[in-house]
Amino acid sequence: MVAFNASVLSLTIEPEISPCLTAKVPPKPQHSGFLSCSNTSTFESNTDSWEQQTTGCDDNDWTRDASGTTSSGTGPSTGGSSSSYYMYTEATNTFNKTFAIMKGFDFTGVASPLVNFQYHMYGATMGDLKVYANGDLIHTISGQQQASNAAAWLTTADIDLTAYAGNNKVVLEFIGTTGSDFTSDIAIDNITIDQSASDFTWTGAAGDNNWNTVANWDSPSGTPASAAPTSSDNCIIASTADANITSGGVCNNLTINSDATFSLQDGGPAIIVNGDLL
């Protein structure tokens, strides 16, 4: 939205907020509860607790569907990642209309939440898809993105939700707006709420060479860690570090910098690396 202040002859660009967070509705959209990370919505069995906006700020409801939408020349033929079901906006006789769906999440204790999802937007008169977090616009996709019903679904890059870290009431909204004709069915699938991997750096400060001793690690901020690394965290053996590990452990990516010493006991417990050894 653009606001013009005539008294000082200045032009201010205000951030776009969800049309469902206006005076028509409470400060937070209506919802039935908040779910903790991690969470992936596949829509294979049901709507996975995503709720239609019922406060009157949109025009129509999203539809759970499989095997192609009702119109030719628009919509997907299957769900994302070769699945069956997805959610979509039915554009027939609903031109230039908005469809809002939402879900609440609890990010308490989550330092770096993120969201990604798959989308299929095939149709000559395609509209746009916007994603909001607590009313703030965080992602927009506009216009036709696929060339046929059978074209592969696309997946967004991870969308950073760090601004909402620690918040126990975070509402995500997907608002699709159809185009000027029926060839504007917008489909979404496999919405994943997760958290970014944190980088833990080995210091060995505890002196026991135990991978799981919290005092042996620095947190991403460079201060002593409050927990040992998990399978979703990246682990770094810094230059000049001496890590002669005596216990088993886990991490995502393991980086061993030059001039670092890293060793495991022969026949002893293993360090399980889920990602890459760098």
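Keep in mind that what you see is a predicted model, and the values were worked out from it rather than measured.

Calculation criteria
- Residues numbered from 1 in each chain as written.
- Predicted model: local features only at pLDDT ≥ 70, side-chain atom pairs only at ≥ 80, totals over all residues.
- Heavy atoms only, no water.
- Helix = DSSP H or I, 4+ residues; strand = E, 2+ residues; numbered from the N terminus.
- Buried < 20%, exposed > 50% of the residue type's maximum accessible area, 1.4 Å probe, protein only.
- Contact = heavy atoms within 4.5 Å.
- Areas by Shrake-Rupley, 256 points an atom, 1.4 Å probe, with all protein chains shown as cover.
- Pairing = 2+ DSSP bridges.
- pLDDT = per-residue confidence, 0-100.
- Polar contact = N/O pair within 3.5 Å; in protein donor to acceptor, adjacent residues only side chain to side chain.
- Core = buried A, V, L, I, M, F, W, Y, C linked by side-chain atoms within 4.5 Å.
- 1 Å grid on protein atoms, 1.4 Å probe; cavity = no way out; pocket = protein on both sides within 12 Å on 5 of 7 lines; lining within 4 Å.
- Points joined across faces, edges and corners; volume = space filled by probe spheres on them.
- Nonpolar A, V, L, I, M, F, W, Y, C, P; charged D, E, K, R; others polar.

### Considering the overall build of the protein
Line of reasoning, step 1. Helix and strand counts for the protein come out as zero helices and 23 strands.
Line of reasoning, step 2. Here the protein holds 278 residues, and the buried ones make up 40% of them.
Line of reasoning, step 3. Partitioning the contacts of the protein with sequence separation of at least 6, the portion at a separation of at least 24 is 64%.
Line of reasoning, step 4. Working note: accessible area of the protein is about 13,000 Å², and carbon and sulfur atoms make up 49% of it.

### Observations concerning the sheet that holds strand 18 (residues 234–237)
Line of reasoning, step 1. If you walk across this open sheet you meet the four strands as 17-16-18-21, and the pairing is mixed. The open sheet has two edge strands with one neighbour each: strand 17 (217–218) and strand 21 (254–256).
Line of reasoning, step 2. Of the strand pairs in this sheet, strand 18 and strand 21 are connected by three bridges, and their pairing is parallel. Bridge assignment links Cys235 to a residue of strand 21, and that residue is Leu254.

### Quick look at the confidence of the model for the protein
Line of reasoning, step 1. Overall, the prediction assigns the protein a mean pLDDT of 85, with 88% of residues at 70 or greater.
Line of reasoning, step 2. Considering only residues more than four positions removed or in separate chains, one finds that residues 22–30, a stretch of pLDDT under 50, has 16 contacts.

### As for the side chain of Asn134
Line of reasoning, step 1. One can find Asn134 in the loop between strand 10 (128–133) and strand 11 (136–142).
Line of reasoning, step 2. Overall, the relative accessible area of 17% leaves Asn134 in the buried class.
Line of reasoning, step 3. Within the structure, the side chain of Asn134 is placed 3.3 Å from the backbone oxygen of Lys169, a separation counted as a polar contact.

### Examining the nonpolar core
Line of reasoning, step 1. In terms of nonpolar packing, the biggest core is built from 28 residues, with Trp62, Phe117, Leu129, Leu172 and Phe174 touching the most fellow members.
Line of reasoning, step 2. Elements represented by at least two residues in this core include exactly strand 8 (98–106), strand 9 (113–120), strand 10, strand 14 (170–177) and strand 15 (187–195).
Line of reasoning, step 3. Apart from the residues lying within four places of it in its own chain, the contact partners of Leu172 are Trp50, Ile101, Met102, Lys103, Phe105, Val115, Tyr132, Ala133, Leu161 and Ile193.
Line of reasoning, step 4. Residues Trp202, Ala241, Ala243 and Ile245 belong to the second largest nonpolar core, which totals 14 residues.

### A short note on the layout of surface pockets
Line of reasoning, step 1. Estimated volume of the largest pocket: approximately 230 Å³.
Line of reasoning, step 2. The wall of the largest pocket is formed by 12 residues, among which Ala111, Gln195, Ser196, Ser198 and Asp233 lie closest to the centre.
Line of reasoning, step 3. Taken together, the residues that form the lining of the largest pocket break down as four nonpolar, seven polar and one charged.

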